[in-house]
Amino acid sequence: MTSLAVGAVAGAIASSAYRRTSSFSSPSKSSKNEAPAQPRGNGKNVGILAMEIYTPRTYISQSKLEEHSGVSQGRYTLGLGQEAMAVTGDAEDVNSMALTVTHALLEKYKIDPNTVGRLEVGTETLVDKSKSTKTVLMDLFPNNTDIEGATVINACYVRCLDGRYAIVVAVDIATYARGPARPTCGAGAVAVLVGRNSPLALVDPRERATHASNVYDFFKPDHSVEYPVVDGALSQVCYYRALEDCYTKFCNKVDALNGVDQSSQGGSKDGDHFDADSADYFVFHAPYNKLVQKSYGRMHFVDARRKHARKLEGKNLFAEEKKAEEDDESDSPIAKEYLTKPIEDTYSDKALEGTLKNVSKSSYNTRLTDANAASKIVGNTYTASVFFGLASLVDKVGSRGELTSGKTAVVFSYGSGALATMYRLHIRDPTQSANETIGQGRIFTIDEMVKNLNIDQRLASREQVHPQELDLALETRARMHRGGAPYSPVYPTNGRMFPGTYYLNGIDSKWRRSYSRVPLDSEPEPEGTSTHLAPPMVLRLAKREALSTPVTGVLEVLTKSVSGTALDKYADAKARVACVITGTSAGMPYGDEIGKVFDPSNLQKLVEGKLQCIRPISGTLKMAMLDKNVVQLKKLGGGKTEAFPVSSDKDVIKVAAQLGTIDLTDSYGVPAGLAETMDIAAQVAVAAGLEALKSAGLVSGKSNDPSEWKLPEQYRDSTGVVYASSFPAMDAAVGEVMNCPDRQLADDDEAAFARLLSRVREVEGGDAASDDSSVSSTASTGPYQFDRKFLFRVLVLGNAQLAQLAGCRGPNTQTNAACAGTTQAIGMAQDMLISGRAERVVVVAGDNGSGGTLLPWLGSGFRALGAATTEAAVEDAACPFDRRRSGMIMGAGGIGMVLETESSCQERMKLPAIKGCNPCEIRARLLATQYSNSAFHGAALDRKHIASELNRFLSEIELIHGVSRAEIATHGVYFSHETSTHASAAASCAGNEIGALRAAFGDELLSKLLILNTKGFTGHPMGVSFEDVAAVEVLMRQVVPPMPNYKERDEYLGDIKISKGGAYACRYALRFAAGFGSQVAFALYASSQHE
């Protein structure tokens, strides 16, 4: 109902009659029910010469829809006044429908395309924000490029100045999201031939009134969906306002043109004034028939108010006239108080509404029933609605021989937003002498229109389909609308469409649409031949959605599906569970000199590319690694290897991202004794979990009072915890062993210690006395005492510690999938939500592989594999996907993420926020996860299997959620696992990752997918995935980080879309994680606005 489009279509007819070089004849007084004896205007009688309509061949019954929807009988048939509704799938769009109706108009009326000089299209169902539907229609005019006009989405009152025909096309597919407006869907198109000497003439363009205002009652601001934003109550009021404003102005203009004085002082009688009974017929914009009935009643109300106003103004009335008016008012069924009551106060008055219905009923049946007949069984057609009504009037009344010369029809065209136009058409018998050169003296008549329209028979030949087809078709159209290119429609064409119907072949990789036409001699399938309109793929999707599946959007269980001619009941199907993210946190490996580990702005800085955690490591740690006597084996080819000892400073790891200090007691009120039972990985994971709960609005966390970090009692039993770590408790275990000499240093030990101290001084430069204490503490000569809390450190892990501190009494577990740990833990949490084991799960991850205890061991291990970089400068070491990359960088940190069922989140939103807590909000949605094992190698990636798993993951997403690969590539980002390992191009992490992506997406789609990486900022934190929480932040802020230090393109990787950082509109974030031991995990996140 885009008002400007509707108004422009009306204006295309109205303004075509205008002629600047002529003057209009003087007005002459006439009876209100008759056209002037000498018609005003310029004598050209510009108006409608011919009309053609189109609506899809398939429809649903509104009474059957009532039954299917479970609403009360009569809700749609009586409440809306509708009987049926056209429905179409993804094989038709406004371009195809416009082609269908325009081509049929040219064929049926034998119009030479070269005689057309103007072509206007009105629609709000745009398929392109730049290329107009009018240009698509130019394929029907192959030898005529001299045609003015465009697709109208703004007010554009047009003229036809050179004597040629004009064609006005109004076309729309009305769609609504699930809810009370969905029964007012529909689809249709009308093509109108405009020219001189018309049988439906706008004789005088001054017989027109317009209303324009700025309101937000119906609009389409979100280009990612096809559905409008609708305020139903406001929309109805706006319709009334526009009608009453147009009608009042129109009456005044017609009265003035007829020489009728507007006030009673002029002596004109009420019978001279134009009113709701003056025209022979009225045609209204009809979103649903009940609104038209109510609105026509409002016109009678306006008449009564105008009459009353004239009475109050009259001072010189003859006595008998004055008494007659008083008697007339006393006999009026409209209570007198309504005549002076502010009109805005009458819009919701049910008593007045009933009175007006009774007052106008007889006149409505005479003047509007025929015009509304088609829209009652086609449904809402937006811009085409009023012209469907006009075609219905011509077809119904004309077929009875009653649409005769001298009669008039007043047309009211309306569009939300709001703009409306009212104008009058005069029925006439065209004359040969009045015609000019176009069409070789062609005469167009009402009878010819009736013959070609044949609306009753055409609508009777449609195929009725099951009401479920409406939801299936709209969901398919929604997936098409969200999806990117290329796209191939899945709905059937030949046999299910009328002969001569155009349909969408597909959208190619460059977003170009192509169309074909059903042959004119094709035979539609007899009704009942096919069980479904929707193809098997759509039916499988609908059935799959009825099962327990991690999906997002409206949490309604589809418990019915058409199977054959009967309904299959999925009584045992589990409820669909939507998983949403309500809280996130990240503990960054800053080091104490940079900032707090859990700075509130961590994630914002990360996605804005304003964070760099990687720093040079100390000489002590370098020497500790050198002292390990690491030997790297390099493959030389032919099965040969060569040993390369790591024996000098140039061969050792020089940079890492290391954690600063975490004080659980000072920050969270954790008792000191309890904090001492946790190793560093558990501490950072526990802190991340508490911060995530605070982010989710589940705890206040205003101070270090432990009670402020406890869940409210009502949430404790339904909250679970999953903890991921690659090296859980290893920090504590290795540290304890290193502190256990249990004897004095022997002579050999003394010599080894002296050598280590000498190396430290050599690397650090100068006096290394400052390092003596830290090194000697490891080789303490004092008596060793076993730490009685050792067992707690290595056995009671972060998941149990967090549960104890926050009161999470739901399912609780720990997982170790190496570097795929976090993403796998998120998948496990989603499984818990789907199975009903919990209503929310706190996923936490912590690792401290770059800390002073583990780095000498783990760093040496990665160095022995040739997997760690030895570059000294951060800009040379941290360069993911760059040709210069040479190995990974050790990191550390922790993350927290709160996942909830959407129903749980919505219930929390209804309640007042917990005192002092953040408000509950959906930050993003978790659409799907998948985790598996390649059963391949301890350290290497199996590219073929990863590609296969990614293909499986994407196929499941498309089947379950309707999100295509093209849509992910076009409207998504990819959070890579890329660690910068680069033993060889083919064996590198980036090489395997991009190879798998290319196999799953193809070259063209891969070139559209934006590639992101966080490890270039944070190092590799092992089992901690900053990528997953960063994905949520990117979807919230619509900002992406740049690829760190990217300078040189790697030809082996081919054409990939490397992020440059900054604002980036995206709806999806795809995550891939891999871990030692052939672990593979995927996740797909969607923005909170995703359906």
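Residues numbered from 1 in each chain as written. Predicted model: local features only at pLDDT ≥ 70, side-chain atom pairs only at ≥ 80, totals over all residues. Heavy atoms only, no water.

Novice: Could you clarify how one ought to interpret the pairing of strand S4 (residues 116-122) in this entry?
Specialist: A regular strand carries its side chains on alternate faces of the sheet. With seven of seven residues buried, S4 lies mostly within the body of the structure. Looking at chain direction, S4 and strand S6 (residues 165-174) are connected through six bridges and run parallel. Paired with Val116 across the bridge in S6 is Tyr165. (Buried < 20%, exposed > 50% of the residue type's maximum accessible area, 1.4 Å probe, protein only. Helix = DSSP H or I, 4+ residues; strand = E, 2+ residues; numbered from the N terminus. Pairing = 2+ DSSP bridges.)

Novice: Mind showing me how you'd approach the sheet that holds strand S28 (residues 893-901) here?
Specialist: Backbone-to-backbone hydrogen bonds join strands into a sheet, with any given pair of strands oriented parallel or antiparallel. The 11 strands lie next to each other as S26-S25-S27-S28-S20-S29-S36-S35-S30-S31-S33, forming an open sheet whose pairing is mixed. The open sheet has two edge strands with one neighbour each: strand S26 (812-815) and strand S33 (1057-1058). Here strand S25 (residues 719-724) pairs with strand S27 (residues 840-847) via six bridges, running parallel. If you follow Val721 over to S27, its bridge partner there is Val842. Where helix H25 (residues 798-806) meets the sheet, its contacts fall on S25, S26 and S27, and the angle it forms with S26 comes to roughly 150°. (Contact = heavy atoms within 4.5 Å. Axes fitted to C-alpha atoms, helices over the stretch in contact; angles between N-to-C directions.)

Novice: In this structure, what is going on with the sheet that holds strand S3 (residues 84-86)? I would like to understand it.
Specialist: One open sheet accounts for three strands, arranged S3-S2-S15; its pairing is mixed. Looking at the sheet topology across the chains shown, the edges are occupied by S3 and strand S15 (463-464). For strand S2 (residues 58-61) and S15, the ladder comprises two bridges, and the chain directions are parallel. Each residue of the ladder has a partner; that of Tyr59, found in S15, is Gln464. Along the sheet, helix H2 (residues 62-69) makes contact with S2, S3 and S15, crossing S2 at roughly 60°.

Novice: So what exactly am I meant to see when it comes to the environment of Asp395 here?
Specialist: Considering the arrangement of structural elements, one finds Asp395 in helix H10 (residues 385-399). Taking the C-alpha atoms as reference points, Asp395 and Asp456, separated by 61 residues in sequence, lie 8.3 Å from one another. Discounting chain neighbours no more than four positions away, the residues touching Asp395 are Val450, Leu453, Asn454, Ile455 and Asp456. One polar contact links the side chain of Asp395 to the main-chain amide nitrogen of Ile455, over a distance of 3.3 Å. (Polar contact = N/O pair within 3.5 Å; in protein donor to acceptor, adjacent residues only side chain to side chain.)

Novice: Sorry if this is basic, but what is going on with unusual backbone geometry here?
Specialist: Leave glycine aside and you will find that most residues have negative phi; peptide bonds, for their part, are mostly trans. Cis geometry marks the peptide bond from Gly417 to Ala418; its omega dihedral reads 5°. If you trace the backbone, Ala418 turns up in the loop between strand S13 (408-415) and strand S14 (419-427). Positioned with a positive phi, Tyr382 is a non-glycine residue whose angle comes to about 50°. Along the chain, Tyr382 turns up in the loop between helix H9 (369-378) and H10.

Novice: Help me out: how do you make sense of helix H19 (residues 680-695) in this one?
Specialist: Turn by turn, an α-helix covers 3.6 residues, leaving residues three or four places apart pointing in a common direction. In a regular helix each residue adds 1.5 Å, so 16 residues correspond to 22 Å; H19 covers 22 Å between its end C-alpha atoms and thus fits that length. Here H19 lies mainly inside the structure; 14 of its 16 residues are buried. At the exit of H19 stands Gly697, carrying a positive phi of roughly 75°. (Expected span 1.5 Å × (residues − 1).)

Novice: In this structure, what is going on with the nonpolar core? I would like to understand it.
Specialist: Generally speaking, nonpolar side chains in soluble globular proteins are found buried as a group. The biggest cluster of nonpolar side chains holds 78 residues, and the ones touching the most others in it are Met51, Phe141, Ile167, Val169 and Leu193. What Leu193 contacts, discounting residues up to four positions off in sequence, is Gly47, Ile48, Leu49, Ala50, Leu105, Ile111, Tyr165, Ala166, Ile167 and Phe444. Counting residues in hydrophobic clusters, the runner-up holds 61 residues, among them Leu80, Tyr240, Phe284 and Leu368. (Core = buried A, V, L, I, M, F, W, Y, C linked by side-chain atoms within 4.5 Å.)

Novice: In this structure, what is going on with the side chain of Arg923? I would like to understand it.
Specialist: Secondary-structure assignment places Arg923 in the loop between helix H29 (902-910) and strand S29 (924-933). Within polar-contact distance, the side chain of Arg923 engages the backbone oxygen of Thr582 at 3.2 Å. In terms of polar contacts, Arg923 uses its side chain to reach the side chain of Ser695, at 3.0 Å. Every residue in contact with Arg923, bar those within four places of it in the chain, is listed here: Ile581, Thr582, Gly583, Thr584, Ser695, Val1032, Met1036 and Ser1088.

Novice: So what exactly am I meant to see when it comes to the packing of aromatic side chains here?
Specialist: Considering all chains together, one arrives at 18 aromatic pairs under this definition. Aromatic pair Tyr165 and Phe444: ring centres 6.0 Å apart, planes at 85°, arrangement edge-to-face. With Tyr165 in strand S6 and Phe444 in the loop between S14 and helix H11 (446-453), the pair connects residues that are 279 residues apart, well separated along the chain. The class of Phe444 is buried, set by a relative accessible area of 2%. On the basis of an interplanar angle of 80° and a centroid distance of 5.6 Å, the ring pair of Phe218 and Tyr382 is categorised as edge-to-face. (Phe/Tyr/Trp six-rings, centres within 6.5 Å; stacked < 30°, edge-to-face > 60°.)

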